[in-house]
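# What the coordinates show
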Amino acid sequence: MNWRRHALALFLAVVVLVLAVVAWLWAASRFQDTGEMRVAGLGNAVEVLRDRRGIPYVFADDVRDAYVAQGFITAQHRLFQMELYRRLIAGRLAEVIGEVALHSDVMQRLLDPLGNAREHWQRLQPADRIALQAYADGVNAYVRDFRHEHHLELRLLGIRAEPWEPEELLAIAHYVASTQSQSFHSALVLQRVLDRIGPLRTAELFPELPSQPRDQTPSVQPYPAARPLPDDPWRIAPAAPAPGLGSNAWALAGERNADGGAVLGNDPHLDARVLPGIWHPIGLYTADVQALGAAVPGLPGLLVGRNRDIAFGVTNAYGDTQDLFLEQPDPGNPDRYLDGDRSLPFREREEWIRIADPDATGGYRTHQLRIRSTRRGVMVSDHPPANRTGVPLSLAWTAAEPRGQGSRLGFDRLWQAGSERELLRIAADIRLLTMNLVYADADGNVGFRATGHVPVRPGGNGSLPRPVQGGDHWAAPIPAVWMPGERNPARGWVAAANHDTRPVYFPFYYSAFFGPEYRYRRLAQLLDRGESLDRREQWGIMLDTYNTQAETLRPRFVEALDGLVQRRQGDALLRSARDTLATWDLHDRADEAAPLIYHQMYREFSRLAFRDVLGPGLAREYLALTYLWKMPLDAMVRDQRLDAWRGPDLPGTESILEEAAERALDSLRDRHGDSVADWAWGDVHRITFTSPLRPSGMGRDLFGGGEHPADGSG
């Protein structure tokens, strides 16, 4: 009996301890959300109501007090997230989480969004400064006066929250801008592709690329080709969009809505897997404006939302705001470079990155950076990954230039737009962010307009590194009235899904990097039926899982499986897989096997299509840039041009399709068993919600939201 009493006592003690820890965690994560609070910076009393999901609704006398309250409430909800943003943008993550963040810190020190934001702040008009300062006042009131409520994560990581300067908030917008253009990373890979296979074969993939490889491009002095690179992969960072990433937006005119009134649907697809998600939902109400939507934590206003007069949403427009330049070092002085007929000194700065290291003295070690810049921008070739190219490259970026920064923010005022005309005027002020701003208004108008500072290139193209030829490398930006856009088309709808939205005969180079058109095509299929759609049908559009890419490729995959079945007669699994794919309705549902078979075959086929031509290492880098190659590859298969592109000495399309089928089915058999009926797309297509405190390993699901099968695909 004694051991039973001891066991029971031990059990009860453990239960009490667990309950105490849970209670402490709950209490440590609470903040005041009822009653009265005295918040420094407010001019008048502000009322905040929260719904059952905790979403706040701010009722203020004027816009400035609304911004103060928004900053305060955002800090209540997202102070830990904002502190991570601050360290990410300043290149100081490694001092908190160690070596794993060093590469990110180096990139941020090179791009210097914080330094760019400090220069931008000096050029902002007073109204924009007031907005940022008011928001900062609200954040800082919480930081200074409510330390007892600061997030548990901050305490666990030993981070002491400090007051924010408005320039640091502005740097968040500069960081967002740096993620919107992929040309820096894609140009590094595209140049290697061009050097490897030549201009003619590269033009088959990208008709808009310049026709000359780098070592044949005229320059002030002969320029050496890049040194040969091994075929082992090197990392391009930040990573290219994941296959499932990509924003969707559409607006339906009032006459096409069965319930009356124009409708906007928007899913910006910013990554919500690391909790809390990027968006912060909030309502902002003043005497003149009543708006509800979502904000980026750290930025005032709403980036997507609606008020009584207009609804607005965004997708990434992928306007090209970055160029790589082939610099000419001065042969007589390594500390200088040539700019036309002038020899100029490199600008230099030193940066020191602290890295958390329990084995180092004091718990930290340091990493030194020597950063050089030319008149065009920072010398990225001094640092990974661009140093692997073997040539001196500088990066020009509009956000680092006064003309690209602009004197108005614009995005902070979207929620206050009282009409379509006013929204478009605000859109013209948004120079920092390259977005497709999609809208629907209370008068039934629908449309979209691209925003941002996209430079007019004298050479007409910015998709590859270009030699410096003297003079100003960029002309003025594309005028706002010329930016891609559409208003009230006869079909009764507009849509943007990261695809190429340029109109026919667009006179400027805008970008060579867009999302594949599959999502836009599906939106067109659903919206362009010439009939009115009710609410249920419109919500179904947002949740649609149909795979338009498979309309073209599925028949070829089935043919390949037919050939494989003939060669491996008696393999019941192969025949079952073939029949499953042949009868698929092309919806990527998590509980079905057909999407799993299709996507695994496509994965293997795309690898084989490029591996023999580019080599394994370059093929891996190229395939990582999913937005670059999907449409060109699928078009070559559709138009039966892939064999000619690969060349007569390499296996033809039919051969690699069958090899892809064999590899895919053998891989699926090994991983999922011998019965196709037991396979499911959701076994591999999953979404996992995690906390930055524990992104993987034991305890991941306790701190996060667990792992779940997911419908749909890229």
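Our structure is the block above this text.
Everything numeric in this text was worked out from a predicted model, so none of it was measured.

### A look at the overall build of the protein
- Tallying secondary structure elements over the protein gives 21 helices and 23 strands in all.
- Its C-alpha atoms give the protein a radius of gyration of 27 Å, within 12% of the compact-globule value 27 Å for 714 residues.
- Along the first, second and third principal axes, the C-alpha atoms of the protein reach 85 × 75 × 70 Å.
- In the protein, buried positions account for 53% of the 714 residues.
- Long-range pairs, those at least 24 residues apart, make up 68% of the contacts in the protein with a sequence separation of at least 6.

### A closer look at the sheet that holds strand S12 (residues 342-345)
- What the three strands build is an open sheet, ordered S10-S11-S12; its pairing is antiparallel. Of all strands in the sheet, those with a lone pairing partner are strand S10 (328-329) and S12, marking the two edges.
- Here strand S11 (residues 336-339) runs beside S12; their pairing, made up of four bridges, is antiparallel. In the strand pairing of S12, leucine 338 is matched with serine 343.

### Digging into the pattern of salt bridges
- Under the defined criterion, the tally for this structure stands at 53 salt bridges.
- Between glutamate 348 and arginine 370 there is a salt bridge; the shortest N-O distance is 2.7 Å. Of the two residues, glutamate 348 is situated in strand S13 (residues 347-356) and arginine 370 in strand S14 (residues 364-373); the sequence distance between them amounts to 22 residues.
- The salt bridge partner of glutamate 662 is arginine 567, with a shortest N-O separation of 3.7 Å. Of this pair, glutamate 662 sits in helix H20 (residues 653-672) while arginine 567 sits in helix H14 (residues 549-567), and the two are 95 residues apart along the sequence.

### Let's talk about the sheet that holds strand S7 (residues 304-306)
- Taken in spatial order, the nine strands make up an open sheet running S1-S2-S5-S6-S7-S8-S17-S18-S20, and their pairing is mixed. What marks the edges here is a single partner per strand, and that holds for strand S1 (47-50) and strand S20 (485-487). Each strand of the sheet is rotated relative to its neighbour by a mean of 20°, with strand direction disregarded.
- Note: strand S18 (residues 446-450) against S20, three bridges, orientation antiparallel.

### A word on unusual backbone geometry
- Residues leucine 275 and proline 276 are joined by a peptide bond in cis, for which omega reads -5°.
- Relative to the helices and strands, proline 276 resides in the loop between strand S4 (263-267) and strand S5 (280-285).
- The residue after proline 384, namely proline 385, is reached through a cis peptide bond having omega 0°.
- Along the chain, proline 385 falls in the loop between strand S15 (378-379) and strand S16 (393-397).
- Within the chain, tyrosine 318 stands out as a residue other than glycine whose phi angle is a positive 55°.
- With respect to the element layout, tyrosine 318 can be found in the loop between strand S8 (310-316) and strand S9 (322-326).
- A relative accessible area of 8% places tyrosine 318 in the buried class.

### Thoughts on helix H8 (residues 166-180)
- Taking 1.5 Å of rise per residue, 15 residues should cover 21 Å, and H8 covers 22 Å from first to last C-alpha, within 8% of that figure.
- Burial runs high along H8: twelve of the 15 residues are buried.
- Every buried residue belonging to H8 is among Pro166, Glu167, Glu168, Leu169, Leu170, Ala171, Ile172, Ala173, His174, Ala177, Ser178 and Gln180, and all of these are buried.

### Looking at the pairing of S16
- S16 sits mainly inside the fold: five of its five residues count as buried.
- Across the two faces of S16 the burial is the same, with Leu393, Leu395 and Trp397 and Ser394 and Ala396 all buried.
- Pairing of S9 with S16 involves five bridges; the strand directions are antiparallel. When the bridges of S16 are listed, leucine 326 appears paired with leucine 393.
- The sheet contact formed by S15 and S16 spans two bridges and is antiparallel. Counterpart to valine 378 in the pairing with S16 is leucine 395.

### Some words on the packing of aromatic side chains
- This model, assessed by the stated rule, comprises 24 aromatic pairs.
- For the ring pair tyrosine 57 and tyrosine 285, a centre distance of 6.5 Å and an interplane angle of 45° mean the geometry is tilted. With tyrosine 57 in strand S2 (residues 56-59) and tyrosine 285 in strand S5, this residue pair connects regions lying 228 residues apart in the sequence. In this pair, the class of tyrosine 57 matches that of tyrosine 285, namely buried.
- The interplanar angle of 75° and the centroid separation of 6.1 Å between the aromatic rings of phenylalanine 610 and tryptophan 629 together place this pair among those described as edge-to-face. Of this pair, phenylalanine 610 sits in helix H16 (residues 594-614) while tryptophan 629 sits in helix H18 (residues 626-638), and the two are 19 residues apart along the sequence. Pair check on accessibility: phenylalanine 610 and tryptophan 629 agree, each one buried.
- These aromatic residues form a ring-pair network of at least three members: Phe206, Phe557, Trp584, Tyr598, Tyr602, Phe605, Phe610, Tyr622, Trp629 and Trp645.

### Examining the side chain of arginine 78
- As for its placement among the helices and strands, arginine 78 is situated in helix H2 (residues 63-90).
- Glutamate 153 provides the closest opposite charge to the buried, unpaired arginine 78, separated from it by 9.9 Å.

### Re the packing of H2 against H8
- It is the contact of H2 with H8, at a shortest axis distance of 10 Å, that shows an interaxial angle of 70°. As the angle between them shows, H2 and H8 are arranged roughly perpendicular. Pair H2 / H8 crosses with left-handed handedness. Residues Met82, Tyr85, Arg86, Leu88 and Ile89 of H2 form the contact with H8, whose own contacting residues are Glu168, Leu169, Ala171, Ile172 and Tyr175.
- In terms of residue class, the contact of H2 with H8 is made up of eight nonpolar, no polar and two charged.

### So, the environment of glycine 41
- Mapped onto the elements of the fold, glycine 41 is located in the loop between helix H1 (2-28) and S1.
- For glycine 41, a relative accessible area of 32% corresponds to the partly exposed category.
- Apart from the residues lying within four places of it in its own chain, the contact partners of glycine 41 are Arg64, Asp65 and Val68.

### Quick look at the nonpolar core
- Within the largest apolar cluster, 97 residues are counted, with the highest numbers of intra-cluster contacts made by Leu302, Leu324, Val380, Phe411, Leu414, Trp415 and Leu423.
- Of the residues forming this core, the biggest block, 15 residues, is contributed by H2.
- Apart from residues lying up to four places away in sequence, leucine 423 is in contact with Ile310, Phe312, Leu414, Ala417, Leu437 and Tyr439.
- With 68 residues, the next largest nonpolar core counts Val189, Phe514, Tyr602 and Ala661 among its residues.

### Details of the side chain of arginine 87
- Position of arginine 87 relative to the elements: it lies in helix H2.
- When neighbours within four sequence positions are excluded, arginine 87 is seen to be in contact with Arg92, Leu93, Glu95, Val96, Asp105 and Ile159.

### Comments concerning the packing of helix H6 (residues 126-145) against H8
- Contact geometry of H6 with H8 gives a least axis separation of 9 Å together with a crossing angle of 110°. The pairing of H6 with H8 is recorded here as roughly perpendicular in orientation. Seen from H6, the contacting residues are Leu132, Gln133, Tyr135 and Ala136; seen from H8, they are Pro166, Leu169 and Leu170.
- Looking at the contact of H6 with H8 residue by residue, the classes come out as six nonpolar, one polar and no charged.

What counts and what doesn't
- Residues numbered from 1 in each chain as written.
- Predicted model: local features only at pLDDT ≥ 70, side-chain atom pairs only at ≥ 80, totals over all residues.
- Heavy atoms only, no water.
- Helix = DSSP H or I, 4+ residues; strand = E, 2+ residues; numbered from the N terminus.
- Rg over C-alpha atoms; globule rule 2.2 N^0.38 Å.
- Buried < 20%, exposed > 50% of the residue type's maximum accessible area, 1.4 Å probe, protein only.
- Contact = heavy atoms within 4.5 Å.
- Pairing = 2+ DSSP bridges.
- Salt bridge = Lys/Arg side-chain N within 4 Å of Asp/Glu carboxyl O.
- Axes fitted to C-alpha atoms, helices over the stretch in contact; angles between N-to-C directions.
- Expected span 1.5 Å × (residues − 1).
- Phe/Tyr/Trp six-rings, centres within 6.5 Å; stacked < 30°, edge-to-face > 60°.
- Lys, Arg positive; Asp, Glu negative; His and termini not counted.
- Parallel < 35°, antiparallel > 145°, perpendicular 65-115°, else oblique.
- Left-handed = near helix turned anticlockwise from the far one by under 90°.
- Nonpolar A, V, L, I, M, F, W, Y, C, P; charged D, E, K, R; others polar.
- Core = buried A, V, L, I, M, F, W, Y, C linked by side-chain atoms within 4.5 Å.

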